Amino acid sequence: MATFKDFRNDVKPNWCPGCGDFSVQAAIQRASANIGLDPENLALISGIGCSGRISGYIRSYGFHGTHGRVLPIAQGVKMANRDLTVIASGGDGDGFAIGMGHTIHAMRRNIDITYIVMDNQVYGLTKGQTSPRSGEGFKTKSTPEGAVEPAVDIMELALSSGATFVAQGFSSDLKELIALIEAGIRHDGFSFINVFSPCVTYNKVNSYDWFKQNLFKLSDVPDYQPDDRRQAMQLLMDHGSLVSGLIYHDTERPSYQNVVKGYAKTPLAHSDLTMDADRFAELTKAFQ
């Protein structure tokens, strides 16, 4: 059985000291070991940005995709090999700007993957510009007088788009984050986990201390029921989506793989794809 150390490799992360992404990496490794995965059964697909580097820092199958395209790639990997546990990972710019269309459709499609977003409310890799998650008045190089648009409320959007597992964590609360990732991987369907991962270099507003003072922890609400979508939406509206924990979990809706017609039980990666000459000629006759 694999341990936490089995998911380590020799590549040293080059994130800024104090970056919240270190904790997200550790949480993915720990959660994967805790649920009994082996590195060869995990595929970690990442996007562009500081967070996109994570696929090279964990010992597993990995793919560093293009900007905003992490979810199409991750869904393709899962469809080709349903036996793999697939984790897609990226930042708020990658997933909620150029990749927003893919994010919404992946949520409604409910394919069995886990999407972990490292949300720092700023573009870090390109040296500090406003992201879709930056709040009104947020001053950056691209908005020197302050952002005039409201931040995208991705948690409310996830619920309205049909996501069947919606959770939010904080990189400083490693214990809860590990538990959320474990639950997300076990969920049969699309699991969305947004993680507040402070950028210590370019975001001096949404700091570790700021989140500790403003986050509302669902673990402090013993009677909260995550299977009530209406209650989940009301919770987010009441607290401005500054909530940590498992917000919504639909265990009844089947995943995409269980409803799409013609999806073979044998993964494409393990199928016999050889074709004899007669069959090839038959298939190509229609194009002659």
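Every value quoted in this text rests on a predicted model; they were computed, and no experiment measured them.

A.B. asks: Lay out the environment of Pro144 in plain terms, naming residues and giving numbers.
C.D. replies: Its place among the elements puts Pro144 in the loop between strand E4 (114-119) and helix H5 (154-160). Look at Pro144 and you get exposed, because its relative accessible area is 59%. Remark: the alpha-carbon pair of Pro144 and Lys12, spanning 132 residues in sequence, is separated by 34 Å.

A.B. asks: Report on the packing of helix H2 (residues 70-80) against helix H4 (residues 100-109), specifying residues and quantitative values.
C.D. replies: Where H2 contacts H4, the two axes come as close as 8 Å, and the packing angle between them is 35°. Packed against H2, whose contacting residues are Leu71, Pro72 and Gln75, the element H4 presents His102, Thr103, Ala106 and Arg109 at the interface. Among the residues making up the contact of H2 with H4, the classes are represented as 3 nonpolar, 3 polar and 1 charged.

A.B. asks: Could you give me a rundown of the packing of helix H1 (residues 21-34) against helix H6 (residues 174-186), with the residues and numbers involved?
C.D. replies: At a closest axis distance of 8 Å, the pairing of H1 and H6 adopts a crossing angle of 50°. It follows that H1 is oblique to H6 by the angle criterion. Of the two possible hands of crossing, H1 and H6 adopt the one that is right-handed. Along its contact with H1, which presents Ser23, Val24, Ala27, Ile28, Arg30, Ala31 and Asn34, the element H6 presents Leu174, Leu177, Ile178, Ile181 and Glu182.

A.B. asks: Run through a nonpolar patch on the surface, naming residues and quoting values.
C.D. replies: Taken together, the side chains of Met275, Phe280 and Leu283 define a hydrophobic patch exposed on the protein surface, amounting to about 300 Å² of accessible area. Among the residues examined, Met275 registers a relative accessible area of 45% and is labelled partly exposed.

A.B. asks: Tell me about unusual backbone geometry, and name the residues and values.
C.D. replies: Leaving glycine aside, a negative phi is the common case for residues, and trans is the common case for peptide bonds. The backbone of Asn110 sits at a positive phi, close to 65°, despite the residue not being glycine. The topology assignment puts Asn110 in the loop between H4 and E4. Within the chain, Gln121 stands out as a residue other than glycine whose phi angle is a positive 60°. Position of Gln121 relative to the elements: it lies in the loop between E4 and H5. A residue is classified by how much of its surface remains accessible, and Gln121, at 4% relative accessible area, is buried.

A.B. asks: Explain the nonpolar core residue by residue, including any values.
C.D. replies: Of all hydrophobic cores here, the largest spans 32 residues; its most connected members are Leu71, Tyr115, Val166, Phe190, Phe192 and Ile247. Looking at this core, the elements that each hand over two or more residues are strand E1 (42-46), H2, strand E3 (85-91), H4, E4, H5, helix H8 (229-239) and strand E8 (243-249). In terms of residue count, H5 provides more of this core than any other element does, 4 residues in total. When neighbours within four sequence positions are excluded, Leu71 is seen to be in contact with Ala88, His102, Thr103, Ala106, Ile113, Tyr115 and Phe190. Ranked by size, the runner-up nonpolar core spans 27 residues in total, among them Trp15, Cys19, Leu42 and Ile181.

A.B. asks: Can you break down the pairing of E4 residue by residue, with the values?
C.D. replies: Buried residues dominate E4, accounting for 6 of its 6 residues. Pairing geometry for E4 and strand E6 (residues 191-196), over 6 bridges, is parallel. Residue pairing in the sheet places Asp119 in a bridge with Phe196 of E6.

A.B. asks: Describe the pattern of salt bridges, naming the residues involved and giving the relevant values.
C.D. replies: Opposite charge on two side chains permits them to pair, given that their charged atoms come into close proximity. Per the counting criterion, the structure on display carries 6 salt bridges. Measuring nitrogen to oxygen at the nearest pair gives 4.0 Å for the salt bridge that ties Asp112 to Lys78. Placement of the pair is Asp112 in the loop between H4 and E4 and Lys78 in helix H2, with a sequence separation of 34 residues. Looking at Lys78, the relative accessible area reads 6%, which means it is buried. Between Arg133 and Asp119 there is a salt bridge whose closest N-O contact spans 2.7 Å. Note that Arg133 is positioned in the loop between E4 and H5 and Asp119 in strand E4, a separation of 14 residues in sequence. Its relative accessible area of 12% is what places Arg133 among the buried residues.

What counts as what
- Residues numbered from 1 in each chain as written.
- Predicted model: local features only at pLDDT ≥ 70, side-chain atom pairs only at ≥ 80, totals over all residues.
- Heavy atoms only, no water.
- Helix = DSSP H or I, 4+ residues; strand = E, 2+ residues; numbered from the N terminus.
- Buried < 20%, exposed > 50% of the residue type's maximum accessible area, 1.4 Å probe, protein only.
- Axes fitted to C-alpha atoms, helices over the stretch in contact; angles between N-to-C directions.
- Contact = heavy atoms within 4.5 Å.
- Nonpolar A, V, L, I, M, F, W, Y, C, P; charged D, E, K, R; others polar.
- Parallel < 35°, antiparallel > 145°, perpendicular 65-115°, else oblique.
- Left-handed = near helix turned anticlockwise from the far one by under 90°.
- Patch = residues over 30% accessible without salt bridge, like charges linked within 9 Å, V, L, I, M, F, W, Y side chains within 5 Å.
- Areas by Shrake-Rupley, 256 points an atom, 1.4 Å probe, with all protein chains shown as cover.
- Salt bridge = Lys/Arg side-chain N within 4 Å of Asp/Glu carboxyl O.
- Core = buried A, V, L, I, M, F, W, Y, C linked by side-chain atoms within 4.5 Å.
- Pairing = 2+ DSSP bridges.

Keep in mind that these numbers describe shape and distance, not what the molecule does.
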